[in-house]
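Tertiary structure, described
So the chains spell out like this:
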Amino acid sequence: VQLQASGGGLVQAGGSLRLSCAASGSIFSIVRMGWYRQAPGKERELVAGITSSGTINYADSVKGRFTISRDNAKNTVYLQMNSLKPEDTAFYYCNAEKSYGTGYRTYWGQGTQVTVSS
């Protein structure tokens, strides 16, 4: 599974960005895709995730501001980020979990930088 993330950039506080993550390769049995982020000096944390059945979860810090969605025809997951805050500044990584019957394997994209200026 290959994951290609795009859409990061520099935006002022209160602005919006949309991240995209396109999956390719052996995408059969991907059960969940999500976005994580990592700020300098901090651990990587979950931002939002969406399962193949459509179940969604968000980090408390982004609830009401970020929306995750997926386009199954394009094998792409999106993260719409509104009302951005300087504390949202981080490297954002796309993630996919694939079922192999007896277990799961996690794949990571290369990430994209999001910088929110105050």
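About the criteria used
Residues numbered from 1 in each chain as written. Predicted model: local features only at pLDDT ≥ 70, side-chain atom pairs only at ≥ 80, totals over all residues. Heavy atoms only, no water. Disulfide = S-S within 2.5 Å. Helix = DSSP H or I, 4+ residues; strand = E, 2+ residues; numbered from the N terminus. Buried < 20%, exposed > 50% of the residue type's maximum accessible area, 1.4 Å probe, protein only. Core = buried A, V, L, I, M, F, W, Y, C linked by side-chain atoms within 4.5 Å.

On to the state of the cysteines, then. For the structure shown, the criterion picks out one disulfide. Sulfur-sulfur distance for the disulfide between Cys21 and Cys94 comes to 1.8 Å. Handedness of the Cys21-Cys94 disulfide follows from its S-S torsion of about -80°: it is left-handed. Note that Cys21 is positioned in strand 3 (residues 17-24) and Cys94 in strand 9 (residues 90-99), a separation of 73 residues in sequence. Like Cys21, the residue Cys94 is buried in the burial classification.

Examined against the element boundaries, Val116 turns out to sit in strand 11 (residues 112-117). Here the alpha-carbon distance between Val116 and Gly7, two residues 109 residues apart in the chain, equals 14 Å.

Let us look at the nonpolar core. Core analysis: the largest hydrophobic core is formed by 29 residues, its most contacted members being Leu3, Met33, Trp35, Leu79, Met81 and Tyr92. When contributions to this core are tallied by element, the ones reaching two or more residues are strand 1 (2-6), strand 3, strand 4 (30-38), strand 5 (45-51), strand 7 (66-71), strand 8 (76-81), strand 9 and strand 11.

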